[in-house]
Amino acid sequence: MDASLVLDIAIFFVLFTNILICPYTKVEESFNLQATHDILYHGLNISMYDHLQFPGVVPRTFIGPLFIALLSSPLVVTLHMMSVAKIYSQLVVRGILGICCLASFRLFRHGVRQKFGPTVANFLSIITITQFHLIFYMSRPLPNIFALVLVLAAFYFWFSGNDPAFIWCSGYSIIIFRAELALLMGIIILFELYHKRISFPAVFLHAVCAGITSLALTVIIDSFFWQRWCWPEAEVFWYNTVLNKSSNWGTSPFLWYFYSALPRALSLFTPFLIAYGLKYDARTRIVFSVTLAFVFLFSFLPHKELRFVLYVVPLMNTVAAVGLNSIYQNILKWKVEIRNIFTVFVFGGLLSNVVITNILLYVSSLNYPGGLAFTRLHHHLQDSTGSVHICNLAAQTGVSRFGELRNDWRYLKKENIEQNLEELEKFTHLIVEAPCEIFENTHKMLEEIYGFGGISLETRDNFPYFSVVKMIPKLCILEKV
């Protein structure tokens, strides 16, 4: 069997393992997930859509959810006809998004093959498999991941020398999904202009055409779903960047991406391979310079998250793959002692990546108490009708409309009413944040949901310290007395 096909299967397996171990989503993913649910289950009945009741601070585009819903609909309809719980449709939706990312990644890898050779392309897959964040994010319905599908395709066109197609993919990703990508794609275009691989009139022509068509697409579709004229990504850009309101969700030091986010995304061993790749092949220096320039410029925005710069990880992994290939090509020329040292170094390094990845996957699986509580709630529900109050923490850590398994029940999310006991008495069931003693006169405890509470150190039989995962109560499932 061809090595690239084996690696495709391996990445596919890792992706779906991530989905099964961490089936729920968080608040950043909620709009796209809820929108996909509403398109699948409510169709053109916009009045039933979740975003009209919970619009968020800025509108988001429906183009990504619409695309994934169309691809998912055959399987979702089949599951619905078989009376399978809706939560499995959520797995289908995430799986389809993940497959789209994998298809785009495979296209990108083909570009790497054209530019650096087949062995480098295979090593790119191996390095990516050993890391946690990129594959973990690929199935998560974030605006950044919808953009990633187009970005990986754009990188392929860049590597293969198809600059017009690169501009079109870049334009659609910027106008529809993530405006900050104008920095990354703009830097690449400047490189292409400097090396005279494309002319300014050609860049201008393709950029204008891509901009007009993508703008028309997003305005027409999103104005219909939002029931008003809007260009969602422009409003997001104005809110987050011009007004700098994203800082309300926290700020980080200027160099945070360099000393925290990217080292975690690349895992422990990859930076060593990047250094070797930069030394071995001069072409990697352009790729690496593009990533550094983008991350540096984006660091001026105070609010920082790894997903904002996730697009550069495949590029940096490509540089690392060139480094790994240089070791592979030269190892037989070295003395036995040096060869053995490098062999142990490479296999040990990749193994360390795998170990770190598995630890992070396990810890991540503990960060969705809301999804677990919502699933466990339905094991306690009786046949009679009722209503459930969902607290803010639960809504942020896994509750979605895909988890609403009873059509005869009402599921309500109202913020800041936990202290209003009279209003909470109206609900037959509550999912509220622990501790839950204040509700003991009106509701009884059905189950307490635990979640990740940090890492603690312990001694066992006077042996050196062990790091253990600390679990603490996060949510309570309560039933009216």
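Along each chain, residues carry numbers from 1 onward, in the same order as the chain's sequence is written. Whole-chain, interface and lining totals are the exception, using all residues; otherwise, since this is a predicted model, local features are given only for residues with pLDDT of at least 70 and side-chain atom pairs are given and counted only at 80 or more. Hydrogens and water molecules were not included; the side-chain quantities draw on all heavy atoms of the structure.

Focus on the overall build of the protein chain
Then, number 1: Secondary structure assignment for the protein chain yields 20 helices and five strands.
Then, number 2: We take the radius of gyration over the C-alpha atoms and set the globule estimate at 2.2 Å times the residue count to the 0.38 power. A compact globule built from 481 residues should have a C-alpha radius of gyration of about 23 Å, and the protein chain, at 24 Å, falls within 12% of that.
Then, number 3: Per-residue accessibility, obtained with a 1.4 Å probe over protein chains only, is compared with the maximum for each type, and a residue is labelled buried under 20%, exposed over 50%, and partly exposed between these values. A burial count over the protein chain gives 52% of its 481 residues as buried.
Then, number 4: Any two residues having at least one pair of non-hydrogen atoms within 4.5 Å are treated as being in contact. Across the protein chain, every contact between residues at least 6 apart in sequence was considered, and the portion connecting residues at least 24 apart equals 76%.
Then, number 5: Using a 1.4 Å probe, the Shrake-Rupley method yields the accessible areas, and only the shown protein chains count as cover for residues. Here the protein chain displays about 22600 Å² of accessible surface, and carbon together with sulfur accounts for 65% of that area.
Then, number 6: In the protein chain, 35 side chains carry a positive charge and 31 a negative one; their mean positions are 11 Å apart. Note on conventions: DSSP H or I runs of at least 4 residues are helices, E runs of at least 2 residues are strands, and numbering of each starts at the N terminus. Asp and Glu count as negative and Lys and Arg as positive, but His and the ends of the chain are not part of the count. A single reference atom marks each charge: NZ on Lys, CZ on Arg, CG on Asp, CD on Glu.

Let's talk about the state of the cysteines
Then, number 1: Put simply, a disulfide is two cysteine sulfurs that come within 2.5 Å. According to the stated counting rule, one finds one disulfide in the structure shown.
Then, number 2: The disulfide that involves Cys436 links it to Cys476, with 1.8 Å between the sulfurs. Residues Cys436 and Cys476 share a disulfide whose torsion about the S-S bond is about 95°; that sign makes it right-handed. Of the two residues, Cys436 is situated in the loop between strand E3 (429-433) and strand E4 (443-458) and Cys476 in strand E5 (residues 466-480); the sequence distance between them amounts to 40 residues. Accessibility classification places Cys436 together with Cys476 in one group, the buried group.
Then, number 3: Cys169 takes part in no disulfide bond, and the closest cysteine sulfur, belonging to Cys101, lies 14 Å away.
Then, number 4: For Cys169, a relative accessible area of 14% gives the class buried.

Some remarks on the nonpolar core
Then, number 1: Joining through side-chain atoms within 4.5 Å is the link that ties buried Ala, Val, Leu, Ile, Met, Phe, Trp, Tyr and Cys residues into a set, and such a set is a nonpolar core. Of all hydrophobic cores here, the largest spans 105 residues; its most connected members are Phe108, Phe155, Trp158, Phe166, Met185 and Phe294.
Then, number 2: The element best represented in this core is helix H8 (residues 143-159), accounting for 13 residues.
Then, number 3: With sequence-adjacent residues up to four places away left out, Met185 is seen in contact with Val151, Ala154, Phe155, Phe166, Ser170 and Ile174.
Then, number 4: Core analysis: the next-biggest nonpolar cluster, separate from the first, contains 17 residues, Ile390, Trp409, Leu475 and Ile477 among them.

Quick notes on the pairing of strand E1 (residues 386-390)
Then, number 1: Buried residues dominate E1, accounting for five of its five residues.
Then, number 2: In E1, alternate side chains face the same way, and those of Gly386, Val388 and Ile390 on one face and Ser387 and His389 on the other are all buried.
Then, number 3: The pairing of E1 with strand E2 (residues 409-412) spans four bridges and is classified as parallel. Within E2, the position partnered with Val388 by the bridge is Tyr411.
Then, number 4: A pair of strands is considered paired only if DSSP assigns at least 2 bridges between the two. Direction of pairing for E1 relative to E3: parallel, over a ladder of three bridges. Looking across to E3, one finds that Val388 is bridged to His429.

Some points on helix H13 (residues 256-266)
Then, number 1: Among all positions of H13, only Trp256, Tyr257, Ser260, Ala261, Leu262, Ala265 and Leu266 are buried.
Then, number 2: Ser267 sits one or two residues past H13 and shows a positive phi near 70°.

Structural notes on the pattern of salt bridges
Then, number 1: Should a side-chain nitrogen of Lys or Arg be within 4 Å of a carboxyl oxygen of Asp or Glu, the pair is scored as a salt bridge. What the rule picks out here adds up to 13 salt bridges.
Then, number 2: When the shortest N-O distance is used, the salt bridge between Arg106 and Asp8 registers 2.6 Å. Residue Arg106 is found in helix H5 (residues 87-116), and its partner Asp8 is found in helix H1 (residues 3-21); the two are separated by 98 residues along the sequence.
Then, number 3: Classification of Arg106 by relative accessible area gives partly exposed; the value is 46%.
Then, number 4: According to the relative accessible area criterion, Asp8 is buried, its value standing at 17%.
Then, number 5: Here Arg109 makes a salt bridge to Asp8, at a shortest N to O gap of 2.8 Å. Of the two residues, Arg109 is situated in helix H5 and Asp8 in helix H1; the sequence distance between them amounts to 101 residues. We note that Arg109, like Asp8, is buried.
Then, number 6: A network of salt bridges, in which partner residues are shared, links Asp8, Arg106 and Arg109.

Concerning the packing of aromatic side chains
Then, number 1: In this analysis, rings of Phe, Tyr and Trp, with Trp reduced to its six-membered ring, are considered paired at centre separations within 6.5 Å, and the interplanar angle assigns stacked below 30 degrees, edge-to-face beyond 60, and tilted for intermediate values. The tally for this structure, following the rule as stated, stands at 32 aromatic pairs.
Then, number 2: By way of ring pairs, the aromatic residues Phe31, Tyr49, Phe62, Phe224, Phe225 and Trp226 are connected into one cluster.
Then, number 3: In this structure, Lys86 is placed above the aromatic ring of Tyr41, and the distance from its NZ or CZ to the ring centre is 5.0 Å.
Then, number 4: The positively charged end of Lys115 is found above the aromatic ring belonging to Phe116, 6.0 Å away from the centroid. Note on criteria: charge over ring means Lys NZ or Arg CZ within 6 Å of the ring centre, with the direction from the centre no more than 35 degrees off the ring normal.

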